Amino acid sequence: MAAFGVISIIACSYKSDLSIPTKAKNWTGWDINRTGLVCTAFIPVAVALGVRGNLVGLVIGKGYERIKVMHKWVGRVTVLIATVHSLLYVHKWVLDGTFIKNSSSHAGITGYVAWIAMLLMFFTSLPWFRKRWHGLFKFFHVVGILSLVMVGLHVVGAMPWVASAIALYGLSIVISLAKTRYTTAYLVALKDCQMTLVSLPHITTGWRAGQHVRIRVPALGVRSFLHSHPFTIASAPDTAGLVLLCAAAGDWTKALRALAQTGDSEDKSDVGTYKHGVSVLIEGPYGGPGNTLPASFTSIVLFAGGSGLSYAMGMAHDLVERSRTGEIAARTIDLVWTVRAEGTARPLIPTLAALVDDAQAWEEKILREVSRGAQHTVRAPALRVHIYVTRADGELTLVPRRFTDTAPLISPLPSPVFPPARGGLASSSSSVSDLTLIGIGSSIKNLTPKPPAPSSYFASSSRPSLSVATDDPDTLAGVKSSLKASKGRPSVSGIVADVTDEAITRQGVELSASTGVFVAACGPAPLVDDAREACRRLPAWKRQAVGGVDYEAEFFGF
Ligand SMILES: Cc1cc2nc3c(=O)[nH]c(=O)nc-3n(C[C@H](O)[C@H](O)[C@H](O)COP(=O)(O)OP(=O)(O)OC[C@H]3O[C@@H](n4cnc5c(N)ncnc54)[C@H](O)[C@@H]3O)c2cc1C
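The structure displayed is predicted, hence computed values, not measured ones.

Draft legend 1. A look at the confidence of the model for the chain. Here the chain shows a mean pLDDT of 82. Residues at 70 or above account for 84%. In the predicted structure, residues 407–471 sits below a pLDDT of 50 and forms 171 contacts with residues beyond four places in sequence or in another chain.

As structure tokens, this is what we get:
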């Protein structure tokens, strides 16, 4: 953005008469028109960087939400230049005594309207305002777009710039409409946690893990219809449907939860209350990891905080599903989820458990075949899910009994070549509980295509069944997929360091090169910052030894 600032200064000053205007010079100087021209030329740039149907993003391989930051800065610089332009004119008119006359002229009125609209857009987009009154922020952006017509009418020569900005905006609307589809969803108001699950069983393909969609629910009123809300897809493509996890953060998400709670009483279960047949408009998918291919990394670490689980879950589900095709290089997938209370995690435990079961079954199958002498090129990644509960009084009762006897997360490999792992994840585990899996999808009726399997709202794709005998303890000792829960906060830097050490050690033991460590974080800012810092602090030799460390931050805001 510094480069853009420099370009702006050069554009406003190069070959301009910047001398102070005086009466002797008939108030000329300070090339006021230049600022107006530069501001007008920046308008299409700001629009191009801000719209959802984003051509710039298409070219550079990034989602619209990733380049919003550029839109913000270009927009701010444009408003600043417009303000300088307006104030210089007001100053000149006051000095030469033509303020009233010029202010009421065509150019004066259109200029004032456009300037005020820009200022309103700027102030309402400041983070403290946007976070509190997102609706007003959106409203003044629409007003700002409409006021572009005033810029076009302000002076001769502005219209082509304004027309191109409006064309870009119009194109974005067309792209958004083309990406919108009408479908029916079922909602689940998850019990004991302020989250609503939205399941769209009719949309089964067409997205990449990490992407998000925007949703409109007409039943929530006209305003909801006009205003779409973004949510990250929590399920893998080509499985039983698209799933969203929506935390009740404000008016709209609370209304969505209230709607889910109006579900039939017979559809109440230990997981939550179901509401069937809700019409929704889904727009997208958008965003995602862009040119990064998480599946090509040897080790994957996914940090999630609260509803940030949707990103991690979508990614883990996709990797586990694709591991059966041999398309992925991942050997380990660590999903580290931090929640405040056990209640937040409880309704999602069956789903996470089903995912771990799936990964374990695949590991077992490969291990058994290898032990019989089969030459396998397909790899079975270990999915290690660790849940941290920050506010827990008594013993944790989250994890089903069958998971509590598995090996500790990040167990060292037999003969380490480099120094062994530091054990950042090996911490006090939860107590054994008798929880059985509760199928989120178990009470779903009359849904086509077929409803999710009883064990989880994620149903696997139609790939071969993985059921294997588990009566071979020696062979199955190598299975590392696990589900654990601990009190407290995770040591983010410890986990990243351990996974990196483990990848280095594995190279020495298996004589196969690591293809890198992929770390992603989605959740509150401190968690995202910690994960970034943990990657940054890794010694250069370790990064090199594992084939590079990539970091991806996913924000639930712009
Ligand atoms: C790319 C992306 C992915 C997201 N994925 C998830 C997810 O998987 N699960 C989840 O629980 N939340 C997710 N969110 C956040 C979710 O979109 C907001 O919490 C929701 O829109 C809040 O709406 P509200 O009216 O209930 O709350 P409000 O009180 O209006 O807002 C609460 C917060 O959400 C922001 N917000 C409100 N409306 C929007 C909007 N239309 N677009 C962007 N931000 C908005 C506000 O600025 C404020 O910070 C995601 C956000 C983004 C940008």
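Draft legend 2. Quick look at the sheet that holds strand β2 (residues 195–200). Ordered by their spatial adjacency, 6 strands build an open sheet running β4-β3-β6-β1-β2-β5, and the pairing between neighbours is antiparallel. Taken across any chain shown, the strands that pair with only one partner, and hence form the sheet edges, are β4 (229–232) and β5 (242–247). Direction aside, neighbouring strands of the sheet carry axes that sit 40° apart on average. The pairing of β2 with β5 spans 6 bridges and is antiparallel. Along β5, the bridge assignment pairs V198 with L244.

Draft legend 3. Layout of the nonpolar core. Core analysis: the largest hydrophobic core is formed by 52 residues, its most contacted members being L190, L245, I333, W337, L383 and I387. Per-element accounting of this core gives the leading share, 8 residues, to helix α13 (residues 309–323). Mapping this core onto the domain boundaries places at least three of its residues in each of domain 2 (179–287) and domain 3 (294–554). Counting residues in hydrophobic clusters, the runner-up holds 23 residues, among them V38, V77, V79 and M118.

Draft legend 4. Representation of the environment of D264 within the structure. Its place among the elements puts D264 in the loop between α12 (251–261) and β6 (272–287). Along the chain, D264 and K275 lie 11 residues apart, while their C-alpha atoms are 6.7 Å from each other. Not counting residues within four places of it along the chain, the set of residues in contact with D264 comprises T273 and Y274.

Draft legend 5. Summary view of the sheet that holds strand β8 (residues 332–339). Pairing in this open sheet of 6 strands is parallel, and the strands run β10-β9-β8-β7-β11-β12 from one edge to the other. Two strands in the sheet have a free side with no partner beyond their single neighbour: β10 (482–487) and β12 (549–554). The average undirected angle you get between the axes of adjacent strands in this sheet is 15°. Here strand β11 (residues 517–522) pairs with β12 via 6 bridges, running parallel. Within β12, the position partnered with A520 by the bridge is E552.

Draft legend 6. Examining the environment of S104 more closely. Assignment of secondary structure puts S104 in the loop between α5 (99–103) and α6 (106–124). The class for S104 is partly exposed, based on a relative accessible area of 48%. Within the structure, S104 has its side chain in polar contact with the backbone oxygen of K101 (distance 3.2 Å).

Draft legend 7. Spatial organisation of the pairing of strand β3 (residues 211–216). Among the 6 residues that make up β3, 6 are buried, leaving the element largely enclosed by the rest of the structure. Alternating residues of β3 divide into Q211, V213 and I215 and H212, R214 and R216, and every residue in both groups is buried. As paired strands, β3 and β6 are joined by 5 bridges and run antiparallel to one another. When the bridges of β6 are listed, R216 appears paired with L281. Sheet topology places β3 next to β4; 4 bridges connect them, and they run antiparallel.

Draft legend 8. Looking closely at the pattern of salt bridges. The final tally for this structure, using the stated rule, is 19 salt bridges. When the shortest N-O distance is used, the salt bridge between E321 and R324 registers 3.9 Å. Considered together, E321 and R324 belong to a single accessibility category, that of buried residues. A salt bridge links R322 to E327, with the nearest nitrogen and oxygen atoms 3.0 Å apart. Members of the salt-bridge network, linked through shared partners, are E65, R66, E552 and E554.

Draft legend 9. Summary view of the side chain of R52. Tracing the chain through its elements places R52 in the loop between α2 (32–50) and α3 (55–60). A polar contact of 2.8 Å, which involves the side chain of R52, links it to the side chain of E283. In this structure, R52 is in contact with Y64, K138, S172, S176, R214, R216, S228, E283 and Y286, ignoring residues within four places of it in sequence.

Draft legend 10. Expanded view of the site of the ligand. Near the ligand, the surroundings consist of 24 residues, among which H229, P230, A247, T253 and S310 are the closest. For the ligand, an oxygen atom lies 3.1 Å from a polar atom in the side chain of H134. Against a free-state accessible area of 870 Å², the protein chains account for coverage of 88% of the ligand. Secondary structure elements with two or more residues in the shell around the ligand: α7 (127–132), β3, β4, β5 and α12.

Draft legend 11. Structural view of the packing of aromatic side chains. Per the stated rule, a full pass over the model turns up 10 aromatic pairs. With a centroid separation of 5.4 Å and 45° between ring planes, the pair formed by Y89 and W93 is classed as tilted. With a gap of 4 residues between them, Y89 and W93 both fall in helix α4 (residues 68–95), about one helical turn apart. A ring pair is formed by F297 and F518, whose centres lie 5.4 Å apart and whose planes are at 40°; its orientation type is tilted.

Reading guide: rules and limits
- Residues numbered from 1 in each chain as written.
- Predicted model: local features only at pLDDT ≥ 70, side-chain atom pairs only at ≥ 80, totals over all residues.
- Heavy atoms only, no water.
- pLDDT = per-residue confidence, 0-100.
- Contact = heavy atoms within 4.5 Å.
- Pairing = 2+ DSSP bridges.
- Helix = DSSP H or I, 4+ residues; strand = E, 2+ residues; numbered from the N terminus.
- Axes fitted to C-alpha atoms, helices over the stretch in contact; angles between N-to-C directions.
- Core = buried A, V, L, I, M, F, W, Y, C linked by side-chain atoms within 4.5 Å.
- Buried < 20%, exposed > 50% of the residue type's maximum accessible area, 1.4 Å probe, protein only.
- Domains from an automatic or database assignment.
- Polar contact = N/O pair within 3.5 Å; in protein donor to acceptor, adjacent residues only side chain to side chain.
- Salt bridge = Lys/Arg side-chain N within 4 Å of Asp/Glu carboxyl O.
- Near = heavy atom within 4 Å.
- Areas by Shrake-Rupley, 256 points an atom, 1.4 Å probe, with all protein chains shown as cover.
- Phe/Tyr/Trp six-rings, centres within 6.5 Å; stacked < 30°, edge-to-face > 60°.

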